[in-house]
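# Structural characterization, general
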Amino acid sequence: MSDNPPIEFAFPELRRWEAGGAAPYIHVRDSGKAGPIVMVASLTHGNEVSGAIVVDALLARELKPRRGTLIFSFNNIEAYHSFDAKNPFKSRMIDEDFNRTWGRLDQPATTLETRRAQVVKPFVERANFLLDLHSMHDDCVPLMLCGPLDRGVALAQRLGAPADIVRDRGHAAGKRMRDFGAFGDPKSSSTALLIETGQHWRASSVTVAKDVTARFLVETGIMEEADLPAGWKQPAPPRQRVVQVTHAIATKRGNFVSARRFEGQEVIAEAGTVLGHDDDEPVTTPYDNCVLVMPSINRPLRAGVTVVRLGRLT
Ligand SMILES: [Zn+2]
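Residues numbered from 1 in each chain as written. Predicted model: local features only at pLDDT ≥ 70, side-chain atom pairs only at ≥ 80, totals over all residues. Heavy atoms only, no water.

## Examining the overall build of the chain
Summing up its helical and strand segments, the chain has 5 helices and 14 strands in all. Over its C-alpha trace the chain gives a radius of gyration of 19 Å, about what one expects of a compact globule, namely 20 Å for 314 residues. Based on the C-alpha atoms only, the size of the chain along its principal axes is roughly 60 × 40 × 40 Å. Here the chain, with 314 residues, has 52% of them falling under the buried criterion. Within the chain, contacts between residues separated by at least 24 positions form 70% of all contacts whose residues are at least 6 apart in sequence. On the chain, roughly 13900 Å² of surface is accessible, and the fraction owed to carbon and sulfur atoms is 49%. Within the chain, the 38 negative side-chain charges are centred at a point lying 4 Å from the centre of the 39 positive side-chain charges. (Helix = DSSP H or I, 4+ residues; strand = E, 2+ residues; numbered from the N terminus. Rg over C-alpha atoms; globule rule 2.2 N^0.38 Å. Buried < 20%, exposed > 50% of the residue type's maximum accessible area, 1.4 Å probe, protein only. Contact = heavy atoms within 4.5 Å. Areas by Shrake-Rupley, 256 points an atom, 1.4 Å probe, with all protein chains shown as cover. Lys, Arg positive; Asp, Glu negative; His and termini not counted. Charge placed at Lys NZ, Arg CZ, Asp CG, Glu CD.)

## What to know about the domain arrangement of the chain
When the parts come together, some accessible area is lost, and that loss is often what is quoted as the size of the interface. Segmentation of the chain into domains returns domain 1 (15–227) and domain 2 (243–313). On a C-alpha basis, the centroid separation for the pair domain 1 and domain 2 is 27 Å. Tallying the contact residues gives 14 residues for domain 1 and 11 residues for domain 2. The contact between domain 1 and domain 2 buries some 970 Å² in all, and 55% of this surface belongs to carbon and sulfur atoms. For domain 1, the biggest contributors to the area lost against domain 2 are D138, V166 and R167; these three give 35% of the whole. Remark: the boundary between domain 1 and domain 2 carries 1 salt bridge. A salt bridge links D138 to R299; the nearest nitrogen and oxygen atoms lie 3.0 Å apart. Of the residues in the side of domain 1 that touches domain 2, the class split is 7 nonpolar, 2 polar and 5 charged. (Domains from an automatic or database assignment. Buried area = accessible area lost by both parts, 1.4 Å probe. Salt bridge = Lys/Arg side-chain N within 4 Å of Asp/Glu carboxyl O. Nonpolar A, V, L, I, M, F, W, Y, C, P; charged D, E, K, R; others polar.)

## Details of the coordination of the zinc ion
Around the zinc ion, the protein supplies H45 (ND1), E48 (OE), E48 (OE) and H134 (ND1) as donor atoms, at distances of 2.1 to 2.5 Å. One can describe the donor arrangement at the zinc ion as irregular, given that its 4 donor atoms subtend angles of 57 to 148° at the metal. Along the chain, the residues that donate to the zinc ion are spaced as H-x2-E-x85-H. By the burial criterion, H45 is buried, and E48 matches it. (Donors = N, O, S within 2.8 Å, 3.2 Å for Na, K, Ca; no water. Tetrahedral: all angles 85-135°; square planar, octahedral: opposite > 155°, others 65-115°.)

## Description of the packing of aromatic side chains
As enumerated under the stated definition, the model contains 8 aromatic pairs in all. Taking 5.7 Å as the distance between ring centres and 70° as the angle between the ring planes, the aromatic pair formed by F98 and W102 counts as edge-to-face. Across the pair, exposure class does not vary: F98 and W102 are buried alike. Judged by centre distance (5.1 Å) and plane angle (70°), the rings of W102 and F180 are edge-to-face. Of this pair, W102 sits in the loop between α2 (77–81) and α3 (112–126) while F180 sits in the loop between β6 (164–167) and β7 (191–199), and the two are 78 residues apart along the sequence. (Phe/Tyr/Trp six-rings, centres within 6.5 Å; stacked < 30°, edge-to-face > 60°.)

## What about the sheet that holds strand β1 (residues 26–30)?
Strands sit in the order β1-β3-β2-β4-β7-β5-β6-β8-β14-β13-β10 across an open sheet of 11 strands; the sheet is mixed. Two strands bound the open sheet, and with one partner strand each, they are β1 and β10 (267–268). Relative to β6, strand β5 (residues 143–145) runs parallel, the two sharing 3 bridges. Each bridged residue has a counterpart across the sheet, and for L143 the counterpart in β6 is D164. The strands touched by helix α1 (residues 50–60) within the sheet are β1, β2 (37–42), β3 (69–74), β4 (129–136) and β7, with β3 carrying the most contacts at an inclination of about 135°. (Pairing = 2+ DSSP bridges. Axes fitted to C-alpha atoms, helices over the stretch in contact; angles between N-to-C directions.)

## Points about the pattern of salt bridges
All told, the structure shown has 23 salt bridges when counted by the stated rule. Where E281 meets K252, a salt bridge forms, and the shortest distance between an N and an O atom there is 3.8 Å. A residue pair is termed long-range when its members are at least 10 positions apart, and E281 in strand β12 (residues 281–284) and K252 in the loop between β8 (241–250) and β9 (256–258) qualify at 29 residues. Linking R260 and E266 is a salt bridge whose minimum nitrogen-to-oxygen distance equals 2.6 Å. Classification of E266 as buried rests on a relative accessible area of 19%. Overlapping salt bridges bring together E48, R92, D97 and R100 as one network.

## Comments concerning the nonpolar core
Membership of the largest hydrophobic core comes to 45 residues, with the highest contact counts inside it found for L14, F74, L193, F216 and L217. For this core, the secondary structure elements donating two or more residues are β2, α1, β3, α2, β4, α4 (150–159), β7 and α5 (203–219). Here this core gets 7 residues from one element, more than from any other, and that element is α5. Among all residues touching L217, those that are not within four sequence positions of it are V38, V40, L58, L70, I222, M223 and L228. Ranked by size, the runner-up nonpolar core spans 19 residues in total, among them A41, V120, F123 and F183. (Core = buried A, V, L, I, M, F, W, Y, C linked by side-chain atoms within 4.5 Å.)

## A closer look at the packing of α1 against α5
Following both chains from N to C, one finds α1 and α5 inclined at 50°, their axes separated by 8 Å at the closest point. When the axes of α1 and α5 are compared, the pair comes out oblique. For the element pair α1 and α5, the recorded crossing hand is right-handed. Of α5, the residues touching α1 (which contributes S50, G51, I53, V54 and L58) are S205, V206, A209, K210, T213 and L217. (Parallel < 35°, antiparallel > 145°, perpendicular 65-115°, else oblique. Left-handed = near helix turned anticlockwise from the far one by under 90°.)

Below is the structure:
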């Protein structure tokens, strides 16, 4: 018996997108008319397949933007092609996390991921809007990671879905693509969003990836709703909420023991609630109505890994 979660959809054959683009597995569609440059990126992590299904489907439709330019990418395609159903989490990356390399791309590339990021970088630099399609290790409601800036929150709110918007500063371990260059510059207007569609291999994650991508392409003005596949857009949630990440709790030596099972985006009503113990030291919520953002609390972790992020409802 395998402990791995079920895989609820077929993985797309992507080798047909290697050639014929602006770079391997990167395709640019220019309308010939003035307008924004909009990038939709997938496989920043090689086993996060819902986004690849969306990009594959849009490329296969030979979709042309109404105005501006549309860029599609399969970022860590090598990791995707290394997928092994017996060890499905391993194909997140080959040498290192592609999405932590973006603060050191001016240095010589020494890993597969930094070499690939240097190929992807000029396209990210060209884009005015970026949607990076991700998914999560554990089952969780979809999360829109809008970065630290107001304009990221505003764009996530204009999309109208998903319900949960997370305002965060990224990872101490290295800069993400969504925070690179103008996207992280408070003075720029370039705006990036990162969607976590749900668990990596849930069919529902594909539904979320399609919905959010459809909303993004219409909201950025590059497409009209009628251009997109029927059934992609889903009903909007009644309201959205914004969670400001305030803390990232890492386990010192990998000895975190959870007080109970916790769900992603669970709200812990009372300050001082014990979430668990790390090396026998209690980890407690610092304020009332504390949101647990992407808890990895229910499974064993290596030393230094983030157990949970804590967020405040705003
Ligand atoms: Zn990811």
